[in-house]
Amino acid sequence: MYVADIGVKCPTCGVKFNSKQLPAVLDIGYRNSELRQHFKGVIPQYEEYFVVTCPSCGRADWSTSFEVIEEPAYLQSPSTTAHLQFRQAAMVAEKEGRSFYNIAYLYLYAAWCADDRNALVQASEYRRLAVDAFSKSMVDGSCPADKRAETEYLVAEILRRAGEFAASREYFSKIVGRLPGPFAIMARKLMRLTEVSDSQAIDFVAEVSA
Ligand SMILES: [Zn+2]
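Please read all numbers here as calculations on a predicted model, not as lab measurements. (Residues numbered from 1 in each chain as written. Predicted model: local features only at pLDDT ≥ 70, side-chain atom pairs only at ≥ 80, totals over all residues. Heavy atoms only, no water.)

A short note on the overall build of the protein
- In terms of helices and strands, the protein carries six helices and six strands.
- Listed N to C, the secondary structure of the protein is β-β-β-β-β-β-α-α-α-α-α-α in terms of helices and strands.
- Expected size for 210 residues packed as a compact globule is a radius of gyration near 17 Å; at 18 Å, the protein falls within 12% of this value.
- Reported as C-alpha extents along the three principal axes, the dimensions of the protein are approximately 55 × 40 × 30 Å.
- A buried classification covers 46% of the 210 residues belonging to the protein. (Helix = DSSP H or I, 4+ residues; strand = E, 2+ residues; numbered from the N terminus. Rg over C-alpha atoms; globule rule 2.2 N^0.38 Å. Buried < 20%, exposed > 50% of the residue type's maximum accessible area, 1.4 Å probe, protein only.)

A closer look at the coordination of the zinc ion
- Distances from the zinc ion to its protein donors, Cys10 (SG), Cys13 (SG), Cys54 (SG) and Cys57 (SG), fall within 2.3 to 2.4 Å.
- Each donor residue of the zinc ion lies on the same chain, and together they follow the pattern C-x2-C-x40-C-x2-C. Here Cys13, found in the loop between strand 1 (4–9) and strand 2 (16–21), pairs with Cys54, found in the loop between strand 3 (51–53) and strand 4 (60–62); they are 41 residues apart in sequence, far enough to count as distant.
- Residue class for Cys13 comes out partly exposed when judged on its relative accessible area of 35%. (Donors = N, O, S within 2.8 Å, 3.2 Å for Na, K, Ca; no water.)

Notes on the pairing of strand 1
- In terms of strand pairing, strand 1 meets strand 2 through six bridges, oriented antiparallel. Within the sheet, the bridge partner assigned to Ala4 lies in strand 2 and is Gln21.
- Between strand 1 and strand 2, which pair antiparallel and follow one another directly, the connecting turn spans six residues, one of which, Gly14, has a positive phi of 80°.
- Where strand 1 lies against strand 5 (residues 67–68), two bridges are found, and the strand directions are antiparallel. Looking at the pairing, Val8 lines up with Val68 of strand 5. (Pairing = 2+ DSSP bridges.)

Focus: helix 6 (residues 181–195)
- With 15 residues, helix 6 extends 22 Å between its outermost C-alpha atoms, agreeing within 8% with the 21 Å of an ideal straight helix rising 1.5 Å per residue.
- When we look at burial in helix 6, the residues that qualify are Phe183, Ala184, Met186, Ala187, Lys189, Leu190, Met191, Leu193 and Thr194.
- The inward-facing, buried residues of helix 6 contact helix 4 (148–161) and helix 5 (165–175).
- Positive phi appears at Ser197, one or two residues downstream of helix 6, with a value of about 50°. (Expected span 1.5 Å × (residues − 1). Contact = heavy atoms within 4.5 Å.)

Describing the sheet that holds strand 5
- One open sheet holds the four strands; their spatial order is 5-1-2-6, and the pairing between them is mixed. Lying at the two open borders of the sheet, with one neighbouring strand each, are strand 5 and strand 6 (75–76).

Side note on the packing of helix 4 against helix 5
- At a closest axis distance of 7 Å, the pairing of helix 4 and helix 5 adopts a crossing angle of 160°. In terms of orientation, helix 4 lies roughly antiparallel with respect to helix 5. The hand of the helix 4/helix 5 crossing is left-handed. The residues of helix 5 that touch helix 4, namely those facing Glu152, Tyr153, Val155, Ala156, Glu157, Leu159 and Arg160, are Phe165, Ala167, Ser168, Tyr171, Phe172 and Ile175.
- Among the residues making up the contact of helix 4 with helix 5, the classes are represented as nine nonpolar, one polar and three charged. (Axes fitted to C-alpha atoms, helices over the stretch in contact; angles between N-to-C directions. Parallel < 35°, antiparallel > 145°, perpendicular 65-115°, else oblique. Left-handed = near helix turned anticlockwise from the far one by under 90°. Nonpolar A, V, L, I, M, F, W, Y, C, P; charged D, E, K, R; others polar.)

Some remarks on the environment of Phe183
- Position of Phe183 among the secondary structure elements: in helix 6.
- Considering only alpha carbons, one finds Phe183 and Thr12, 171 residues apart in sequence, at a separation of 40 Å.
- Excluding anything up to four places from it in sequence, Phe183 contacts Leu35, Glu150, Tyr153 and Phe204.

Concerning helix 3 (residues 120–140)
- Counted at 1.5 Å a residue, the expected span for helix 3 with its 21 residues is 30 Å, and the 30 Å between its end C-alpha atoms agrees.
- Residues of helix 3 that are buried include every one of Ala123, Tyr126, Arg127, Ala130, Val131, Ala133, Phe134, Ser137 and Met138, and no others.
- Where helix 3 is buried, its residues contact helix 1 (82–95), helix 2 (100–116), helix 4 and helix 5.
- Two residues or fewer past helix 3, Gly141 is found with a positive phi of approximately 85°.

What follows is the structure in structure tokens.
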């Protein structure tokens, strides 16, 4: 995986600095049950390079929200643990009243990065916050209409991954009848896992066997 120093400008304070980003992101099309692209350790996970923090004012956000600059920068973005940067970004986004759909993904990425660091307590906490934000995104309309089924599926699955088995099962049973094919097949598999209190992610394989 090629990580580059990319010069960016902070949209909040205007300071220019270098950030570690991936010039190219590989998509192998493979997802786990929580819809995370997962490389199974063959190559490192890339989500930690999707968040950037300004070394001057501390603004944290998706790397894409920082304008790329051509001239060399001398400051460097702080190498704070990625899940803490995502949490900070989510908290700022909430304070600024940005869309809950966006906030939910910041918390979900925080959870994934916490998983990578074995920060289990934080991972559960971020998942609960992601569930809350995804749920609000379906009320405030920030969840796109064509993502609604996927988001409902995701809420139930994130609950299971956070160890909230009863709540997950209840949510899955409420939505399973209206989920499109692959999500419905996965939902039935995951409901069985909630019955044995299994919170591990499994492959997203929409086949009726297994
Ligand atoms: Zn700044």
